[in-house]
Amino acid sequence: MGDLNTHYDAVVIGSGIAGLTFALELGDHARVALLTKRTLVDTNTRWAQGGFSAVLAEGDTFDLHVRDTLVAGAGLCREDVVRMVVESGPEAVAQLIARGVTLDRHDDGRLELTREGGHSRRRVTHARDATGHAIQSALTARIREHERVDIFEHHHAVDLITRARLAKGRGKGLAGGADDRVLGVYALDTATGQVRALAAPIVCLATGGAGRAYMYTSNPEVATGDGVAMAYRAGARVANMEFFQFHPTLLHSRGEKNFLISEALRGEGGVLRNAGGEAFMPRYHTLKDLAPRDIVARAIDRELKVRGDSSVFLDMTHMSADFLESHFPNIHATCLRVGVDMRTTPIPVVPGAHYMCGGVQVDTEGRSHLHGLLAIGEVSCTGLHGANRLASNSLLEGAVYAVRAARAARTLLDELPSVPPLDVPIWDAGDARSPDELVLMNQSWDEIRRLMWSYVGIVRSNRRLKRAERRLELLYSEVREEYWRFLLSADLIELRNLCTVAQLTVKSALTRQESRGLHYSIDYPDADDANWAHETVMRRPVFG
Ligand code: SIN
């Protein structure tokens, strides 16, 4: 793989459940390059605890799962999408098992199902409290065995190569227009510092989310919104970015940052208490601790603000020690490491940024508006989650859309006229030199994450959003300057992407003049179905 300009049928960026499944499906039929900016296992999927939702229990029905998803989505889900995904659930679980994922079972062999917020039935399949780890390990092993998928680890996608981008110098730069199409991707080999051009008529974004845009998040370091930012720069449509989901319960500890305390604990009977010991959720919702996530996160936010406390507590002490140790070994061990024995002591928890419900707008086959560009998993906006994602619907969505997008990719490849592969120009670094003051970059990074937390968090207002908008504009102009002055590095690419995602989130939040699902504004505290029962779509029309 020494060549800096290589040709494939398809390039997939990202190695979580969506990217790996797509590569496995398409790799049997086409030459596929799989790019990942660190190693194959550095993904959001790997950290998923709770599980994978599917209708498998006696007494559960597709209609009930559809209803629960629509209720959580607060009027913005696309019902046809919801039904399609829900009905594909049992097959998607069977496919994971066939690929070597071991899920927990009862003694009689039936899959064990847990419950999470917003689900009216037990329907969350899991591997103890480390479901993502089980999925990631099995799919990673399968992709390493695959002979037709070339794996590029430590390759950081920089930008999509499109017809408009190449024509820019010739005055035909309408990005995302009807004649535009994707032609490949530039990627920085972070080991050598060289930028490789991977030419392909199909690029599939499976880059995950952007939790790192916020100061407190359950997401690993890789979640910097790369796919959304690249797609937006290339002229694709980006939808619903105001709906960022905050998970109600991250472990509150100096020793362990970003550690999720799975909703499955509440599914099994955990009770949230404020620092005064009161089980406060009954004051906020009839479903109490298992109310949809937006409601629980806002309730905690309010308790913290009203009482001036630094955390609330998840109480599991009424449950048997054996049950806790066997069902939540990972959470139990992590809590013990920071001095909290969940068998005897309530766990201190706070909300944190968790899941990006918006993303690159796609159809039911994962196709974006930019010809040849597909998007699957958290980077995409399919219409499944609407204004608030139902717990454990995301691994399901990633798996289902990967299969559909791989099928769509085959059709696109069949339809392409057989022309010799295009030689895309190699990356031109111009006069760029090595960055001399990393402190500037670190400062911008911190500022973005802090201002997003303070001004674009669980509760918003026009004043805070406007303030964030102004600050981000300035930060973006500084980041852009550095981007052109200095040689590319992973940090610089991520900083630029993070800033774009933050700007899109703020713009979308300012646009939506109501409160719905995950977007709550004190200036517009009610939902406004007459004017806002639709997606917020952002598009950058002209290349510049
Ligand atoms: C959890 O285990 O609470 C997270 C599950 C999810 O976000 O879907």
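For the structure, check the block above.
First, a word on what this report is: a plain description of the structure on this page. (Residues numbered from 1 in each chain as written. Predicted model: local features only at pLDDT ≥ 70, side-chain atom pairs only at ≥ 80, totals over all residues. Heavy atoms only, no water.)

On to the overall build of the protein chain, then. Helix and strand counts for the protein chain stand at 15 helices and 20 strands. Relative to a compact globule of 544 residues, whose C-alpha radius of gyration would be 24 Å, the protein chain shows 22 Å and is just as compact. Along the three orthogonal principal directions, the C-alpha set of the protein chain runs to about 65 × 55 × 50 Å. Considering the protein chain as a whole, with its 544 residues, one finds that 60% of them fall into the buried category. Excluding contacts between residues fewer than 6 apart, the proportion of contacts in the protein chain whose partners are at least 24 apart in sequence is 75%. Entry remark: accessible area of the protein chain is about 21300 Å², with carbon and sulfur atoms responsible for 49%. In the protein chain, 64 positive and 69 negative side-chain charges are present, and the distance between their average locations comes to 4 Å. (Helix = DSSP H or I, 4+ residues; strand = E, 2+ residues; numbered from the N terminus. Rg over C-alpha atoms; globule rule 2.2 N^0.38 Å. Buried < 20%, exposed > 50% of the residue type's maximum accessible area, 1.4 Å probe, protein only. Contact = heavy atoms within 4.5 Å. Areas by Shrake-Rupley, 256 points an atom, 1.4 Å probe, with all protein chains shown as cover. Lys, Arg positive; Asp, Glu negative; His and termini not counted. Charge placed at Lys NZ, Arg CZ, Asp CG, Glu CD.)

Bringing the pattern of salt bridges into the picture now. Taken as a whole and assessed by the stated rule, the structure comprises 37 salt bridges. Put simply, R233 and D159 hold a salt bridge, and the shortest N to O gap is 2.9 Å. Here D159 lies in strand β8 (residues 155-162) and R233 lies in helix α6 (residues 226-233), a separation of 74 residues in the sequence. Take R233 and D159: they sit in the same class, and that class is buried. In this structure, the salt-bridge partner of R343 is D341, at a minimum N-O distance of 2.9 Å. Residue R343 is classed as partly exposed on the basis of its relative accessible area, which comes to 28%. We classify D341 as buried; its relative accessible area is 19%. (Salt bridge = Lys/Arg side-chain N within 4 Å of Asp/Glu carboxyl O.)

Although it is not a glycine, A74 adopts a positive phi angle of roughly 55 degrees. Checked against the element boundaries, A74 lands in the loop between α2 (62-72) and α3 (79-98). Overall, the relative accessible area of 26% leaves A74 in the partly exposed class. If you check the backbone angles, N258 has positive phi at about 70 degrees while not being a glycine. Mapping N258 onto the fold places it in the loop between β13 (244-251) and α7 (264-267).

Once that is clear, we can look at the sheet that holds strand β12 (residues 238-239). One open sheet holds the four strands; their spatial order is β19-β17-β12-β20, and the pairing between them is mixed. Single-partner strands in this sheet number two, and they are β19 (380-381) and β20 (537-538). Strand direction decides the pairing type here: β12 and strand β17 (residues 359-361), joined by two bridges, are antiparallel. If you follow A239 over to β17, its bridge partner there is G359. Packed on one face of the sheet, α6 meets β12, β17 and β20 and runs near 45 degrees to β17. (Pairing = 2+ DSSP bridges. Axes fitted to C-alpha atoms, helices over the stretch in contact; angles between N-to-C directions.)

Quick look at the sheet that holds strand β4 (residues 52-53) now. The three strands are arranged β4-β6-β5 in an open sheet whose pairing can be described as antiparallel. Lying at the two open borders of the sheet, with one neighbouring strand each, are β4 and β5 (113-114). In terms of strand pairing, β5 meets strand β6 (residues 124-125) through two bridges, oriented antiparallel. Counterpart to L113 in the pairing with β6 is T125.

Considering all chains together, one arrives at nine aromatic pairs under this definition. For the ring pair Y8 and F152, a centre distance of 6.1 Å and an interplane angle of 85 degrees mean the geometry is edge-to-face. One end of the pair, Y8, is in the loop between β1 (5-7) and β2 (10-13); the other, F152, is in strand β7 (residues 149-152), with 144 residues separating them in the sequence. Here Y8 matches F152 in class, with each residue buried. Pairwise contacts between aromatic rings join Y214, Y216, F244, F246 and W453 into one cluster. (Phe/Tyr/Trp six-rings, centres within 6.5 Å; stacked < 30°, edge-to-face > 60°.)

Turning our eyes to something else, we now look at the site of the ligand. In the neighbourhood of the ligand, the contacting residues comprise Q49, G50, E116, H247, L260, S262, E263, R293, H354, R389, A391 and S392. In this structure, an oxygen atom belonging to the ligand sits 3.4 Å away from a side-chain N or O atom of E116. One nitrogen or oxygen atom from the side chain of R389 is found 2.7 Å from an oxygen atom belonging to the ligand. The protein chains hide 94% of the 260 Å² of surface that the ligand would expose on its own. (Near = heavy atom within 4 Å. Polar contact = N/O pair within 3.5 Å; in protein donor to acceptor, adjacent residues only side chain to side chain.)

Looking at where E268 falls in the secondary structure, it is placed in the loop between α7 and β14 (271-273). Residue classification places E268 among the buried positions, given a relative accessible area of 19%. Not counting the four nearest positions on each side in its chain, E268 is found in contact with T114, R122, M319, F323 and F328.

Judged by side-chain charge, R463, R467, R470 and R471 come together as a positively charged surface patch. Within the secondary structure, R470 is located in helix α13 (residues 462-485). R470 gets classed as exposed once you look at its relative accessible area, which sits at 52%. (Patch = residues over 30% accessible without salt bridge, like charges linked within 9 Å, V, L, I, M, F, W, Y side chains within 5 Å.)

For α13, with 24 residues, the first-to-last C-alpha span of 35 Å sits near the 34 Å given by 1.5 Å per residue. Regarding α13, the residues found buried are L465, A468, L472, L475, Y476, V479, E482 and Y483. Lining the buried residues of α13 we find β8, α12 (438-455) and α14 (490-511). (Expected span 1.5 Å × (residues − 1).)

This paragraph deals with the nonpolar core. Membership of the largest hydrophobic core comes to 78 residues, with the highest contact counts inside it found for I13, L35, L160, L205, V228, M452 and L472. The element that contributes the greatest number of residues to this core is α14, accounting for 11 residues. Apart from residues no more than four positions distant in its own chain, L160 is found in contact with R165, V182, G184, V185, V203, L205, M230, A231, A234 and L373. (Core = buried A, V, L, I, M, F, W, Y, C linked by side-chain atoms within 4.5 Å.)

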